[in-house]
Each structure stands twice: as C-alpha cells, then as structure tokens.
Amino acid sequence: MTDLTWWQRGIIYQVYPRSFQDSDGDGIGDLQGIIQRLDYIKALGADIVWISPIFPSPMKDFGYDISDYRGIDPMFGTHRDFDALIAAAHTRGLKVLLDFVPSHTSDQHPWFVDSRSSRDHPKRDWYIWRDAQPDGSPPTNWISEFGPTTWAWDETTGQYYLHIFLASQPSLNWRNPQVQAEMLDTMRFWYQRGVDGFRVDAITHAAPDVARGDHPENPDWHDGMNPSQRLLKAHSKNQPFNFDIVRMMRRVTEEFPGRLLLGETDGTLAEVTRYYGADMDGFQLPFNFALLDVEWTVPVLVRTIENYVAALPRDGWPTWVIGNHDCIRIASRVGHDRARLAMTLLLCLRGTPTIYQGDELGIENADIPADKVQDPWEIQVPGKGLGRDPVRTPMPWDASNGAGFTTGTPWLPVAVPRDGPVSLQGPGSVVDYVLQLIALRQGTDALLRGAYRTVTATDDVLIFARDGADQTILIALNFSDHTQPAPSGDTLLSSHDGTGPLAPHEARILRAH
Ligand code: NOJ
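Residues numbered from 1 in each chain as written. Predicted model: local features only at pLDDT ≥ 70, side-chain atom pairs only at ≥ 80, totals over all residues. Heavy atoms only, no water.

So, the pattern of salt bridges
Here's step 1: All chains considered together, the criterion is met by 27 salt bridges.
Here's step 2: Across the pair R188 and E255 runs a salt bridge, and its minimum N-O distance is 2.8 Å. Note that R188 is positioned in helix α6 (residues 177-192) and E255 in the loop between α7 (240-254) and β8 (260-263), a separation of 67 residues in sequence.
Here's step 3: When its relative accessible area of 43% is taken as the criterion, E255 is described as partly exposed.
Here's step 4: With a shortest N-O distance of 2.8 Å, D467 and R453 are connected by a salt bridge. With D467 in strand β13 (residues 461-467) and R453 in strand β12 (residues 451-457), the pair connects residues that are 14 residues apart, well separated along the chain.
Here's step 5: D467 gets classed as partly exposed once you look at its relative accessible area, which sits at 25%.
Here's step 6: Three or more residues are tied together by salt bridges with common partners; here these are D61, D326, D375, R388 and R392. (Salt bridge = Lys/Arg side-chain N within 4 Å of Asp/Glu carboxyl O. Helix = DSSP H or I, 4+ residues; strand = E, 2+ residues; numbered from the N terminus. Buried < 20%, exposed > 50% of the residue type's maximum accessible area, 1.4 Å probe, protein only.)

Focus: unusual backbone geometry
Here's step 1: Residue M59 is not a glycine yet carries a positive backbone phi of 65°.
Here's step 2: Turning to its location among the elements, M59 is positioned in the loop between β2 (48-51) and α4 (79-91).
Here's step 3: With a relative accessible area of 10%, M59 lands in the buried category.
Here's step 4: One non-glycine residue, A202, lies in the positive phi region at around 45°.

Considerations on the domain arrangement of the protein
Here's step 1: You can read the domains of the protein as domain 1 (6-105 + 177-436), domain 2 (110-162) and domain 3 (451-511).
Here's step 2: Placing a centre on the C-alpha atoms of domain 2 and another on those of domain 3 gives a separation of 55 Å. (Domains from an automatic or database assignment.)

Some words on the pairing of strand β5 (residues 151-154)
Here's step 1: Here β5 pairs with strand β6 (residues 159-162) via four bridges, running antiparallel. Looking at the pairing, A152 lines up with Y161 of β6.
Here's step 2: Following β5, the chain reverses through four residues before pairing antiparallel with β6; G158 in that reversal takes a positive phi of roughly 65°. (Pairing = 2+ DSSP bridges.)

Some details on the site of the ligand
Here's step 1: Taken together, D61, Y64, H104, F146, F165, R199, D201, E264, H325, D326, R388 and R392 make up the full set of residues adjacent to the ligand.
Here's step 2: H104 places a polar side-chain atom, nitrogen or oxygen, 2.9 Å from an oxygen atom of the ligand.
Here's step 3: For the ligand, an oxygen atom lies 3.5 Å from a polar atom in the side chain of R392.
Here's step 4: A total of 290 Å² of accessible area belongs to the ligand in isolation, and the protein chains cover 97% of it. (Near = heavy atom within 4 Å. Polar contact = N/O pair within 3.5 Å; in protein donor to acceptor, adjacent residues only side chain to side chain. Areas by Shrake-Rupley, 256 points an atom, 1.4 Å probe, with all protein chains shown as cover.)

Observations regarding the sheet that holds strand β14 (residues 472-478)
Here's step 1: If you trace the five strands from one edge of the open sheet to the other, you get β12-β13-β14-β16-β15, paired in antiparallel fashion. Each of the sheet's edge strands pairs with one partner strand only, and the pair in question is β12 and β15 (490-494). Along the sheet, successive strands turn relative to each other by an average axial angle of 25°, direction set aside.
Here's step 2: Across seven bridges, the pairing between β13 and β14 is antiparallel. Across the sheet, D467 pairs through a bridge with T472, a residue of β14.
Here's step 3: Against the sheet, helix α9 (residues 298-311) touches β12 and β13, its axis set at about 160° to β12.
Here's step 4: In the packing of helix α11 (residues 339-348) onto the sheet, the strands contacted are β13, β14 and β16 (507-511), and the crossing angle to β14 comes to about 150°. (Axes fitted to C-alpha atoms, helices over the stretch in contact; angles between N-to-C directions. Contact = heavy atoms within 4.5 Å.)

What to know about the side chain of S52
Here's step 1: The topology assignment puts S52 in the loop between β2 and α4.
Here's step 2: One polar contact links S52 to Q14, side chain to side chain, over a distance of 3.1 Å.
Here's step 3: Here Y64 takes part through its side chain, which lies 3.3 Å from a polar atom of the side chain of S52.
Here's step 4: Contacts of S52, omitting those with residues within four sequence positions, involve Q14, V15, Y16, P17, Y64, D99 and H325.

Quick word on the nonpolar core
Here's step 1: One finds Y13, I41, F198, M249 and L345 to be the most contacted residues of the largest nonpolar core, which totals 139 residues.
Here's step 2: Membership of the second largest hydrophobic core comes to 14 residues, among which are I164, L166, V210 and W377. (Core = buried A, V, L, I, M, F, W, Y, C linked by side-chain atoms within 4.5 Å.)

Here's the deal with the sheet that holds strand β4 (residues 129-130)
Here's step 1: As summarised here, the arrangement of the three strands in space is β4-β6-β5, forming an open sheet in which the pairing is antiparallel. Two strands bound the open sheet, and with one partner strand each, they are β4 and β5.

Overview of the environment of V430
Here's step 1: Looking at the element boundaries, V430 is found in helix α13 (residues 430-442).
Here's step 2: For V430 and F112, which are 318 residues apart along the polypeptide, the C-alpha to C-alpha distance reads 46 Å.
Here's step 3: Beyond its immediate sequence surroundings of up to four residues, V430 is in contact with H336, R340, E360, L361, G362, D419 and Q425.

Concerning the packing of α11 against α13
Here's step 1: With their axes 10 Å apart at the nearest point, α11 and α13 run at an angle of 20° to one another. Comparing the axis directions of α11 and α13 gives the class roughly parallel. For the element pair α11 and α13, the recorded crossing hand is right-handed. Along the contact surface, α11 presents R340, M343, T344, L347 and C348, while α13 presents V430, Y433, V434, L437, I438 and R441.
Here's step 2: For the contact of α11 with α13, the class distribution of residues is eight nonpolar, one polar and two charged. (Parallel < 35°, antiparallel > 145°, perpendicular 65-115°, else oblique. Left-handed = near helix turned anticlockwise from the far one by under 90°. Nonpolar A, V, L, I, M, F, W, Y, C, P; charged D, E, K, R; others polar.)

Re the packing of aromatic side chains
Here's step 1: In total, this model carries 28 aromatic pairs according to the counting rule given.
Here's step 2: Their ring planes at 50° and their centres at 5.4 Å tell us that F100 and F198 sit as a pair that is tilted. In this pair, F100 is assigned in strand β3 (residues 95-100) and F198 in strand β7 (residues 197-200), connecting sequence segments 98 residues apart.
Here's step 3: With centroids separated by 5.1 Å and ring planes inclined at 20°, the aromatic side chains of F287 and F289 adopt a geometry described as stacked. (Phe/Tyr/Trp six-rings, centres within 6.5 Å; stacked < 30°, edge-to-face > 60°.)

Considering the packing of α6 against α7
Here's step 1: Where α6 meets α7, the closest approach of the two axes is 10 Å, and the angle between their N-to-C directions is 35°. Here α6 and α7 pass one another in a crossing that is right-handed. Only F241, M248, M249, V252 and T253 of α7 make contact with α6, whose side of the interface consists of Q180, L184, M187, R188 and Y191.
Here's step 2: Looking at the contact of α6 with α7 residue by residue, the class counts come to seven nonpolar, two polar and one charged.

Set out below in structure tokens:
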C-alpha cells in the first residue's frame, strides 16, 4: 500500500493571525505570537498550520486586500519574524501554508494606483476596466459578494472597474500574461522562503467574463437572504479560465517538490471536483465546503457525505471542514452539547480535515456590540447576520486580563468558551476530548485511509465504518436527545462514558468485532 503524503495524513489548523497571539501589546496578533503558540498546535496533534493573510494591507478586509504580495505587514512583524516562524515550525515537524489572494488586490496596491492613473498606463489592463452603459449605469448588473454592485466608477479616467468584493478590492485581470507572470513569481518567492504550500483565496472569482453580460435572477432568492445571492453568478464564478489559472499555479508548485495547493473552491459538486484538474493537475486539495452550511440532520449529512465521496475523481483525495473565519462557529451552529460529535465527524471522515482555531475549544459565536463591529461586510450589509466578527475573536489562553492573548486591548472582545480558557481546560473539556480524538485518528491506519461506508442512518443516529486493511472502525454519532442502541465493538474513545447505549449527543468510536 502506498504511503500517504504529509497533506493526506496531516490535520490542517487554521490560524487567523489577528486573533491568535499578540506579542507586542497592540491588541492584534502577530508572527512572534504564532511562534510562541506553535507548541500548543503541536501538542494538539495538528500537522499543518495555515495562516490567513499577513501581507501589507490597508486592512479594509483584514488582510484580504493586499498592497504588496511579497512583504509582511508591520502589524504582524518582519521577514525576519517570518523566517523565524518557518524555522520554528519546521523544527517541530509542522508545515506552513500561507494564504495567496490572486483574484484581487487592495486599491492601494501600486499596480492599481498606476492602473487608475490613466487609460494609457501600461498597467491599465492589469485590472478590469469597462465603459459605462449609454445611460451611465455600470456595464453589467453584477452584485458584489459584500452587497452592492461589483462596479466602481473612477472619476479621473471615466470608466468603471470591477470588484467582486469591496470597492477597495479591485479584481486583477488574469487574462493579462504580465499579471500571470508576476503572480506566479510571487508564489515562487514564498516557496523559496520555505512555505510548504498555499491556501488559494477566492479562486472561483479569479476569471470573471464580463463580455457574457448580465447575470440572471436567482429564482430561489427571497428578501432576508444574503443580497449577493439575488443573482446567479453565471458569468463571474467558476468560468472555464479559472481551471487554467489553477493549472498554472500547480505547474509552479511542481517546481518545488512536496508542496501543496489548497483551494478555496465553492460551487456545485461538479465544479468543486473539477478543481482537482482533468489530469490531477489542479489543486491537490480543493476545499469541500459541503458540511459548512448543510442542514445538521442525519439524512442530509449522509446524503452530502455520500454524494461527495461518489463524485471524487479516482485519485482525488477528500478534504473536510466545518468552520473557518467566514462562517458561524460550529459549536453555535450545532449546539454546545454536540460540539464533540461535530469534531468527531470532521476527524473521522476519510480525508484531510481543517480545524479553525478555537473550534477545538468549543468556542461559540461572540456577541459583538454595535460600537465594536469591524467586519466590512456587517458594516455594508448590516443586521442580516452576515458579519464575521463573532467568529474572529481572540484566542482565550488564560484567565488574565487580555486572556493571555494580549497585554493591551484586544481588537475584538475575547470569547471565552464554556469550559473556560485554555489554561483551565482539564479532563472532560472539549479540547481534552479533541486531543484524544486526534491521537486516535493519527495512530489508526483505518481512520487515516480506510474507505467510508454508511452502516446505519436514521433520523437520530449515524453510524459509519472506516474499513481498513486489517480492521474496521465504527463511528457512532447520536444526534438525538435520547439514548440510542450502540453498535457492538470495543470502545476506543467516547465523548461520554462509552458503555451501554449511546448517551444523548454521544460520539463513540469502536473497533468492530
Ligand atoms: C475569502 C476569504 O476567506 C474572506 O475572508 C475574504 O473576505 C474574501 N475571500 C475576499 O478575499
């Protein structure tokens, strides 16, 4: 049997750097802070640290608006700190993924400053500029991800530019070969500095095809829904050229043996799996967001899991995620009582799991008072629950003022989980369970590579098997508030006491007889 690669065997841990650990008292996390906490990540049992953007940025979208792809924002540190982080991670056997944001820059990026300076500037075509319609309105009816139109009017040069996200995040024109060359070279720059791969941001939006015109109405849209979903993004998302861009990125990645591309791929199952590449020459791991917003019931989850497994290309390695910096905390979504069950599902399905920082502690969404709101999405589309501040709160390391996160004032209030800050979490806490779960997973071949098989799926209970070469592991999840019959086998781990029938919300892992 072939060995698994590091990214097939490993667990990804997402660090949101603003909120992980502050080392200089400015209330915002930084690279030295991450270094200080690498031992925590290592002890948890994760293997791969994905760090959300750390590059120079006006921070209008908290780092996803980059003004220099090769720099480090002083808020986070310096190149020297970055090199130290890579060295400290590698010494511990941890891999590091950076966020790569190819689809848009900041409007403060010198390229855009040049591009908007005149219609004749050589960099004009690095972005997507179009004339107004005869009545002055934007070239298409497209709606940005954060609410209003995707088109911003530029007074100086009398044209609109495209922005899929904020107006301060103009879309790059990847159809321009100079843009391709520069962006691909940026990847080389960081590979040469020792990064083990990239999480590629918003790739589905990297090749909008303006010539195809207006977007059709979404027949399922209703008031109260996210306004950006009012239209179907038929011409801006997942265009054929997106897959060519990914192939280019993969070719560069192949210049550096053993590196990984993890893509932020959302769309239909067919679109997501297409990102593996026709010849497995796309992303090694196209993110599978299927569990992020699916209804949390057994029938729906089983259908979702089975459809994904069936749709994978023959050599496609699966991947799973239940939380990130953009969506509701898993413990809030499924309820605190089911947080262990959700982590068990994430860590026992076949494929590479990604844990969002703090989900291992059962952190729930924080209440952010109106005067503390930071997220531009909430500011632009208020009151619809779209804001992402509630899931971006600083890590609660201890019970001190500033929670061990900072000696200053944290940029967002700290959310302390029900089991208390990390330093007070002992036996019986969510993180104590997750530690055991990860140790079991990483030490059990059937859990790493065994095939997935649904054994029982009722409204209340999901039991699935992972069939290894020499043993079958059963994962029994009781979604209900009542006890349920347990499968027979030797209990390896339980979120409860693991004997007799399954307790309400119990997750139990057994070796089948
Ligand atoms: C996806 C990122 O995860 C999100 O945080 C960001 O706002 C958008 N891409 C724009 O870069």
